[in-house]
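Per-entry structural report
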Amino acid sequence: MIPQTFSAIPQSNIAAKKPEALKPLAAIESSKRLAAYTAVDHHIKPEHRIIGIGSGSTVPYVVDRIVQQGVEANKDRVFVPTGFQSKQLIVNAGLTLGDVDEYLSIDVTIDGADEVDRNLNCIKGGGACHLREKVIAEAAETFIVVADYRKNAESLGTNYPPGVPIEVVPFAYVKILNTLRKTFGSPNAALRMAVKKAGPVVTDNGNFVIDAPFEPGQLQDPATQIKLLTGVVEVGLFCNMAKAAYFGNEDGTVTIHRADGTVEQIAAGAQE
Ligand SMILES: O=C(CO)[C@H](O)[C@H](O)COP(=O)(O)O
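Conventions and cut-offs
Residues numbered from 1 in each chain as written. Predicted model: local features only at pLDDT ≥ 70, side-chain atom pairs only at ≥ 80, totals over all residues. Heavy atoms only, no water. pLDDT = per-residue confidence, 0-100. Phe/Tyr/Trp six-rings, centres within 6.5 Å; stacked < 30°, edge-to-face > 60°. Helix = DSSP H or I, 4+ residues; strand = E, 2+ residues; numbered from the N terminus. Core = buried A, V, L, I, M, F, W, Y, C linked by side-chain atoms within 4.5 Å. Buried < 20%, exposed > 50% of the residue type's maximum accessible area, 1.4 Å probe, protein only. Contact = heavy atoms within 4.5 Å. Near = heavy atom within 4 Å. Polar contact = N/O pair within 3.5 Å; in protein donor to acceptor, adjacent residues only side chain to side chain. Areas by Shrake-Rupley, 256 points an atom, 1.4 Å probe, with all protein chains shown as cover. Domains from an automatic or database assignment. Buried area = accessible area lost by both parts, 1.4 Å probe. Salt bridge = Lys/Arg side-chain N within 4 Å of Asp/Glu carboxyl O.

Here we come to the confidence of the model for the chain. In this model, the chain carries an average pLDDT of 89, and 88% of its residues clear a pLDDT of 70 or more. Scored by ipTM, the complex comes to 0.99, with pTM at 0.89.

Listed below in structure tokens is the structure:
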């Protein structure tokens, strides 16, 4: 049971504590919020009962908007997290927590992404949560991606330099790293190191993450092959899964890419 008093600090609050970083971050933060609020308004409807909550710095705005729908709207809903962070968000918002092993089918999952291409294929796992994120996305009737404008790319491998996050069992990482560099054409593949801990990032599942950069156009086939390597737990490529991606823009509009190929740019309504 997560202590109710502990509160994960949202990225928006962190930004507010660093005045020097406020200016460049402000546009990005408001883009994240635009995307998240619009996606919730479009996809979280009164009839939706089981809702998947993704991970990252855009998702707190998803939870904010869901909370704004009110106590009545949320009283019979259950929220399924994609990791430690989203579990905290759900609990701290006073929403009801559930798990994917209790609810085989999820009505809607909303999650962030590190990069999204024109066909709604995504790189995910910048927060090292992609194993659980993929399970929760696959379980959902509707999977929606929310992101700021920087994530909107023509093809994967364009805007996200670290590359594809690959969760691996710790004892196999050297072997997998070597295979990615030598056989899969990713010479700069690297073990992800922690920032405020000595040593590697350890996922919520106790595994390591390798980040493997690939050239645009090189990605689809390697993904399937990488998944087959012994010791690989999950690859952070989400292909043909999202029904729509919402990108918040600097000018206050939201660009919506849908799986049917339609693209719409809308002026977001009053969302404060
Ligand atoms: O895949 C993820 C975590 O594993 C996140 O959804 C992704 O990194 C996007 O995060 P942010 O909203 O902070 O840009």
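For the coordinates displayed, the defined rule picks out two aromatic pairs. Centroid distance Phe143 to Phe238: 6.3 Å. Interplanar angle 35°. Geometry classified as tilted. One end of the pair, Phe143, is in strand 6 (residues 140-148); the other, Phe238, is in strand 11 (residues 237-238), with 95 residues separating them in the sequence. Summarising the aromatic geometry, the rings of Tyr173 and Phe208 are spaced 5.6 Å apart at their centres and angled 65° between planes, so their arrangement reads as edge-to-face. Placement of the pair is Tyr173 in helix 7 (residues 173-182) and Phe208 in strand 9 (residues 208-212), with a sequence separation of 35 residues.

In this structure, Ile53, Val62, Ile66, Ile110 and Tyr246 are the most contacted members of the largest nonpolar core, which totals 27 residues. Sorting the residues of this core by element identifies helix 2 (19-43), strand 1 (50-53), helix 3 (59-68), helix 5 (84-92), strand 3 (106-111), strand 6, strand 12 (244-248) and strand 13 (253-258) as the ones contributing at least two each. With six residues, the single largest contributor to this core is helix 2. Excluding residues within four positions of it along the chain, Ile66 makes contact with Val40, Ile44, Ile51, Ile53, Asn74, Arg77, Phe79 and Leu95. Counting residues in each nonpolar core, the second largest holds 23 residues, with Ile123, Leu156, Ala172 and Ile226 among its members.

As a matter of local geometry, the ligand sits amid 16 residues, with Ser55, Ser57, Thr58, Asp114 and Lys151 nearest to it. With respect to the ligand, the side chain of Ser57 contributes an N or O atom lying 2.5 Å from an oxygen atom. Separating an oxygen atom of the ligand from a side-chain N or O atom of Asp114 is a distance of 2.6 Å. In the complex, 92% of the free accessible area of the ligand, which totals 380 Å², lies under the protein chains.

Take Cys122: it is sitting in strand 5 (residues 122-123). Note: C-alpha distance between Cys122 and Leu156 (34 residues apart in sequence) is 7.3 Å.

For the chain, the domain assignment lists domain 1 (11-154 + 239-267) and domain 2 (164-235). Centre-to-centre, using C-alpha coordinates, domain 1 lies 25 Å away from domain 2. Every contact between the two is made by 13 residues of domain 1 and, on the other side, 15 residues of domain 2. Sorting the residues of domain 1 by area buried against domain 2 places Ala128, His130 and Leu131 first, and these three jointly supply 49% of that buried surface. Between domain 1 and domain 2 we count one salt bridge in total.

Turning next to the side chain of Asp211. Tracing the chain through its elements places Asp211 in strand 9. Of the polar contacts made by the side chain of Asp211, one reaches the side chain of Arg192; its length is 2.8 Å.

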